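Chain by chain, the residues:
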Amino acid sequence: MPTVECDPDEARGRLEAAGVSVSPGNTDHERWRAERGDASAIAYDGKVVVQGSRPTDLLALIRPKGGRAHVYFDGASRGNPGPAAIGWAIVTSDGIVAEGSKRIGETTNNRAEYEALVEALSVAAEYGYDEVDVRGDSQLIVKQVRGEWNTNDPGLKERRVKARELLSAFDRWSLEHVPREINDRADSLANEALDDA
């Protein structure tokens, strides 16, 4: 059971701001309780104890803002252009903190990759991380965002600008190309979203 040393009132505020309902504690020692997904949190003086099968469903919200996360993203398009989806995962030393996927209509693979990157960076910013190490298996997207390659496609230029704006909000960031095997969770999420259509 992870224990977060923190101000329980501030942690409660972060949970409520994220839409998590918080209820009174069950004993005189408990200040409050909260549940989200497969995790529950119990606040005591000076700390919050998180339990359940997926404590990461609450940990990132309870901890004071800041810290470092690994962000994985992937986009998929069947037909290129064709039906497309995105997948992303945010990972810390606690495990997978957040992940998601969704269909994004019909588009190209490159545009889907950019959409996945923008979505993943937006979520990492919402969770309050100030350092991100971003990983994706699209060499084109990585090199374009880092400024090593250019693009003539106006849609990709617009998405590159958005990705750079999001990255600039972090105190430190890195963006690296990785093999698909390293990016397997984000890849699986994008493909599952397409399969579930």
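Draft legend 1. Inspection of the packing of aromatic side chains at higher detail. Overall, the coordinates contain one aromatic pair when judged by the stated rule. Seen from their ring centres, Tyr127 and Tyr129 are 6.5 Å apart, and the 10 degrees between their planes marks the pair as stacked. Like Tyr129, Tyr127 is buried. One cation-aromatic arrangement involves Lys47 over Tyr44; the distance from NZ or CZ to the ring centre is 5.9 Å.

Draft legend 2. Local environment of the sheet that holds strand β3 (residues 32–36). The five strands are arranged β1-β5-β4-β3-β2 in an open sheet whose pairing can be described as antiparallel. Either end of the sheet is taken by a strand with one partner, and the two such strands are β1 (3–5) and β2 (22–24). Averaged over all neighbouring strand pairs, the angle between strand axes comes to 25 degrees, with direction disregarded. As paired elements, β1 and strand β5 (residues 47–52) share three bridges and run antiparallel to each other. Opposite Thr3, over in β5, you have Val49 as the bridge partner. Along the sheet, helix α1 (residues 8–17) contacts β2, β3, β4 (39–44) and β5; its crossing angle with β3, the most-contacted strand, is approximately 35 degrees.

Draft legend 3. Focus on the confidence of the model for the protein chain. Averaged over every residue, the pLDDT of the protein chain is 93; the share at 70 or more is 99%. For the protein chain, per-element mean pLDDT is lowest for helix α2 (residues 56–62), which scores 82, and highest for strand β10 (residues 172–177), which scores 98.

Rules used throughout
Sequence order as written defines the numbering, with residues in each chain counted from 1. Confidence filtering applies because this is a predicted model: local features only for residues at pLDDT of at least 70, side-chain atom pairs given and counted only at 80 or more, and all residues used for totals across whole chains, interfaces and linings. Excluding hydrogens and water, the side-chain figures rest on all heavy atoms present in the structure. Pairing of aromatic side chains requires ring centres within 6.5 Å, counting the rings of Phe and Tyr and the six-membered ring of Trp. Pairs whose planes differ by under 30 degrees are stacked, by over 60 edge-to-face, and all others tilted. To sort residues, take the accessible area from a 1.4 Å probe on protein chains only and compare it with the maximum for the residue type: under 20% means buried, over 50% means exposed, and anything in between is partly exposed. By definition, being over a ring means that NZ of Lys or CZ of Arg is both within 6 Å of the ring centre and within 35 degrees of the ring normal. Two strands are said to pair when DSSP picks up at least two bridges between them. Secondary structure elements are defined from DSSP: runs of H or I of at least 4 residues count as helices, runs of E of at least 2 residues count as strands, and each element is numbered from the N terminus. The axes are straight lines fitted to the C-alpha atoms, using for helices just the contacting stretch, and the angles between their N-to-C directions are given from 0 to 180°. When checking whether two residues touch, look at their non-hydrogen atoms; a contact exists if any pair is within 4.5 Å. Think of pLDDT as the predictor's per-residue confidence, scored from 0 to 100.

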